[in-house]
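An overview of the molecular structure
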Amino acid sequence: MLTPLEIIQKKRAEAINRIIGKGYLSKKRVYVGMATCEIAAGSKDVMEVFQSAIGNGLTDVYLSQKGCAGRCNFEPTVEVVEEGKIPVKYGKVTKDKALEIIERHLKKGEIVKEWVIE
Amino acid sequence: MSTKYVITLCDGPSCMQKKSRELMAVVEREVEKYGFSGKVKIILSGCLGMCNKGPVMIVNPGYTIYGNVTERDIPLIIKAHFEKKLPVARLVIEEGHLYNRFYRIFGDVKFFGKQMRIALRNCGIIDPESIDDYLSVRGYEALAKVITEMKPEEVIAEVKNSGLRGRGGAGFPTGVKWELTAREKNDQKYLICNADEGDPGAFMDRSTIEGDPHTIIEGMAIGAYAIGSSRGIVYIRAEYPLAIKRLEKAINLARGEGFLGKNILDSGFSFDIEIKLGAGAFVCGEETALIHSIEGSRGMPRPRPPFPSVAGLFNKPTLINNVETWANIPVIILDGADWFSSIGTEKSKGTKVFALAGKIKNTGLVEVPMGITLRQIIYDIGDGIPNNKKFKAIQTGGPSGGCLPEKYLDTKIDYESLAEAGSIMGSGGMIIIDEDSCMVNIAKFFLEFTQNESCGKCTPCRGGTKRMLEILTRITQGQGEEGDIEKLERLGKMIKKSSLCGLGQSAPNPVLSTIKHFRIEYEEHINQKKCRAGVCQSLLSYSITDKCAGCSVCKKVCPAGAISGSLKNRHEIDKNKCVKCGICFDSCKFSAIKKH
């Protein structure tokens, strides 16, 4: 019989496997804030833009939602994380800006500096 | 040039003594030598919680933590990262603290640099609707550890040693509360999470539940194990639909994995959680009123003793803690009480979440170690007052708290120091007020709220706050009388002393603290009928300047017929007829109307 700690280690390993299975090790990870304040600022639309881009064939991108990042005056926020690089946090992202971010940052690797929260 | 590296130097009190500032100068010099100055950001952060290994330096990306750094080490470190892309192994320290993860995905450095996210360690990092995400960041490991390796008394001892105090506002030592509840012998004990969060402008608990609901479930399960309870209830206000939805989902997922329910993780320990919705009453954040609300009665407080730990919900021993308190528990278990108590001040350990709002550039949720000053929060994290306006006051603790003027900016955040300064920590609301706000009006705003929310059971609160509000309203309408300030002070002190519960005991605080620190504004309102911030409508007067083009728009829109004048000539406002509605001011296209 496994002790609770051993059960947890096992569950954790399985959870990590499932997350990797969903594409966590993709080149780029995109997180969209989805708490009440973010949704009120329009982050649901932004999330849909990213979802349809992936549906339309955007590859090597892991998309996930996250809770309140606490950056109220910059919502909606989108974070793009790449292994070995400083994460890039975009603020006040609209549907149009999201499309730009997909074209320039996700597809061509060009950070859109004007919208980055420094 | 965009930032390629971020070098963080710990500037907490312990590392500062070991010369983190001098190290910063050396780092800048070395970076300059490589010509990397534009690409490297060097920042001083708040205490990073690794005091015994200071001075601490973190290099990102890669999240390499260096400890015991001396000036001679720096050229080696810089060279290693910029040239070889390999860390200097000798100096690297392994720190598996849970909260450090936030630094792993570092960015937006100015805002997060001085923060220390413990209760919010996973908010903004994981998907709150995924239990896999929570498991991958060592979720539920604290619960497993407690069930496997610790006896209930040991868990309570750990929480006591950590120095954690209730984050709902009262600051009662959490470990002691657990001990008192555990001590009771009863076949049924209850555990409650107070997620009512009634303070206007406060959203700390909402964000925690929407961003990381599992940490609360885990904290509650650990608490239940420690005191011997099998039933937990989360009392959450109905105005938080998304938080309720995410919490429900989290509870279902936790049950599915065997973290809640009968025989958790095959250990024989059983515990389950249900959700009870509030119905819009601020007073139900008060623990006894909350308990009555769950029982099905009107939310009204009762005198204590007996305390809920002895006779609470349905007269059974009940442990009730705030959301943020529960969120800290898994960290205390995994990272240890010793580490937790190394953060903060002597009497206030750990961190506190604040909701920064009002006239400040960076509004948002911040979690800072106790002991940081108000000035650092407002100017370093919050980035100061927008539009170049002057800072006037900071309101802490919501409608139960007080307003502190500029001379208190160097007060350290700590339960005792804030109380000494005349305010309270409260649940963490922090509203910044600038020169364009009227302190009398702000006091009236908060009193209106608490008066409305008074349950009515005791006379001092029900009647006293109403009378105070009447006096304040008169003052803001230009009908203040000699002696009003003294009346407010007398009433306020009396209500504080004789109210039955915390709502009444703290309702006069905004009024009393604004009288204490801004008495002159009250005197101006009463004696000179003047509102220096230009907020109280009835105290304003309007006049037309010579920018007037004589278009007559104002004359047409004036509801009192107080404006006279012929076309193309300067118009005039009859002050006797003017009702100070401000419609002319808003309609003038030539900005020719002046407000006094």
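In this convention, every chain numbers its residues from 1, walking through the sequence in written order. Here every chain gets a letter starting at A, and every ligand a number starting at 1, in the order they are written. The predicted nature of this model means local features are confined to residues of pLDDT at least 70 and side-chain atom pairs, given and counted, to a pLDDT of 80 or more, with totals for whole chains, interfaces and linings taken over all residues. The basis for every side-chain value is the complete set of heavy atoms in the structure, and neither hydrogens nor water enter the calculation.

**A look at the packing of aromatic side chains**
Stacked, tilted and edge-to-face pairs are distinguished by plane angle, under 30 degrees for stacked and over 60 for edge-to-face with tilted covering the rest, among Phe, Tyr and Trp rings (Trp via its six-membered ring) whose centres lie within 6.5 Å. The final tally for this structure, using the stated rule, is ten aromatic pairs over all chains. Ring plane angle 75° and centroid distance 5.4 Å describe the contact between Tyr24 of chain A and Tyr62 of chain A, whose orientation is recorded as edge-to-face. One end of the pair, Tyr24 of chain A, is in the loop between helix 1 (4-21) and strand 1 (28-33); the other, Tyr62 of chain A, is in strand 2 (residues 61-66), and 38 residues separate them in sequence. The class for Tyr62 of chain A is buried, based on a relative accessible area of 8%. Arranged with centres 4.9 Å apart and planes meeting at 65°, the rings of Phe282 of chain B and Phe449 of chain B form a pair that is edge-to-face. Here Phe449 of chain B lies in helix 18 (residues 439-453) and Phe282 of chain B lies in the loop between strand 7 (272-277) and helix 13 (287-295), a separation of 167 residues in the sequence. Helix and strand assignments come from DSSP, with helices taken as H or I runs of at least 4 residues and strands as E runs of at least 2, each series counted from the N terminus. Per-residue accessibility, obtained with a 1.4 Å probe over protein chains only, is compared with the maximum for each type, and a residue is labelled buried under 20%, exposed over 50%, and partly exposed between these values.

**Remarks on the sheet that holds strand 9 (residues 351-358) of chain B**
Residue and element names in this part refer to chain B. For two strands to be treated as a pair, DSSP must find no fewer than two bridges joining them. Ordered by their spatial adjacency, five strands build an open sheet running 10-9-13-11-12, and the pairing between neighbours is mixed. On the outer flanks of this sheet lie strand 10 (364-369) and strand 12 (402-405), each paired with one strand and no other. Strand-to-strand, the axes of this sheet are offset by a mean angle of 30°, without reference to chain direction. Direction of pairing for strand 11 (residues 391-396) relative to strand 12: antiparallel, over a ladder of four bridges. Residue Gln395 lies in a different strand from strand 12, and its bridge partner there is Cys403. Lines fitted to the C-alpha atoms define the axes, with helices restricted to the stretch that makes contact. Angles between their N-to-C directions range from 0 to 180 degrees.

**Brief notes about the pairing of strand 1 of chain A**
All names here are of chain A. The buried fraction of strand 1 amounts to six of the six residues, a majority that puts the element mostly inside the structure. Bridge count between strand 1 and strand 2: six bridges; the pairing is parallel. Of the residues in strand 2, the one forming a bridge with Tyr31 is Ser64.

**Some points on the confidence of the model for chain B**
The predicted coordinates ought not to be read in detail in places where the model reports low pLDDT. pLDDT expresses, on a scale from 0 to 100, how confident the predictor is about each individual residue. Of the residues in chain B, 95% reach a pLDDT of 70 or more, and the chain-wide mean stands at 89. Two numbers describe this predicted complex: its pTM, 0.88, and its ipTM, 0.93.

**A closer look at the interface of chain B and chain A**
Between two residues, a contact is recorded if the distance between any of their heavy atoms is within 4.5 Å. Facing the 54 residues of chain B at the interface are 39 residues of chain A. The term buried area refers to how much accessible surface (probe radius 1.4 Å) is lost by two components on association, counted for both of them together. A buried area of about 3,700 Å², summed over both sides, lies between chain B and chain A, and 56% of it is on carbon and sulfur atoms. One speaks of a salt bridge when a side-chain nitrogen belonging to Lys or Arg is within 4 Å of a carboxyl oxygen belonging to Asp or Glu. Between the two partners, chain B and chain A, sit two salt bridges. As a salt-bridge pair, Glu257 of chain B and Lys11 of chain A come within 2.9 Å of each other at their nearest N and O atoms.

**Notes on the side chain of Ser293 of chain B**
All names here are of chain B. Along the chain, the position of Ser293 falls in helix 13. Exposure remark for Ser293: the relative accessible area of 14% places this residue in the buried category. If we skip the residues at most four places from it in the chain, Ser293 touches Tyr235, Lys276 and Cys284.

**Some details on the pattern of salt bridges**
All names here are of chain B. Throughout the structure, instances matching the rule amount to 36 salt bridges over all chains. Here Lys359 and Asp434 are joined by a salt bridge, their closest N and O atoms 3.4 Å apart. A residue pair is termed long-range when its members are at least 10 positions apart, and Lys359 in the loop between strand 9 and strand 10 and Asp434 in strand 13 (residues 429-434) qualify at 75 residues. Among the ionic pairs, Asp410 bridges to Arg375, the shortest N-O distance being 3.0 Å. Here the residue Asp410 occupies a position in the loop between strand 12 and helix 17 (415-421), and Arg375 occupies one in helix 16 (residues 374-381), the gap between them amounting to 35 residues. Taking relative accessible area as the criterion, Arg375 reaches 34% and is therefore assigned partly exposed.

**Comments concerning the environment of Phe259 of chain B**
Of note, Phe259 of chain B is situated in the loop between helix 12 (241-257) and strand 7. Using a relative accessible area of 0% as the deciding quantity, one classes Phe259 of chain B as buried. Along the backbone, Phe259 of chain B and Ser45 of chain B are 214 residues apart, and their C-alpha atoms lie at a distance of 37 Å. Look past the residues within four positions of Phe259 of chain B in its chain and what remains in contact with it is Ile8 and Lys11 of chain A together with Ile131, Leu135, Tyr140, Leu143, Ala254, Ile264 and Leu265 of chain B.

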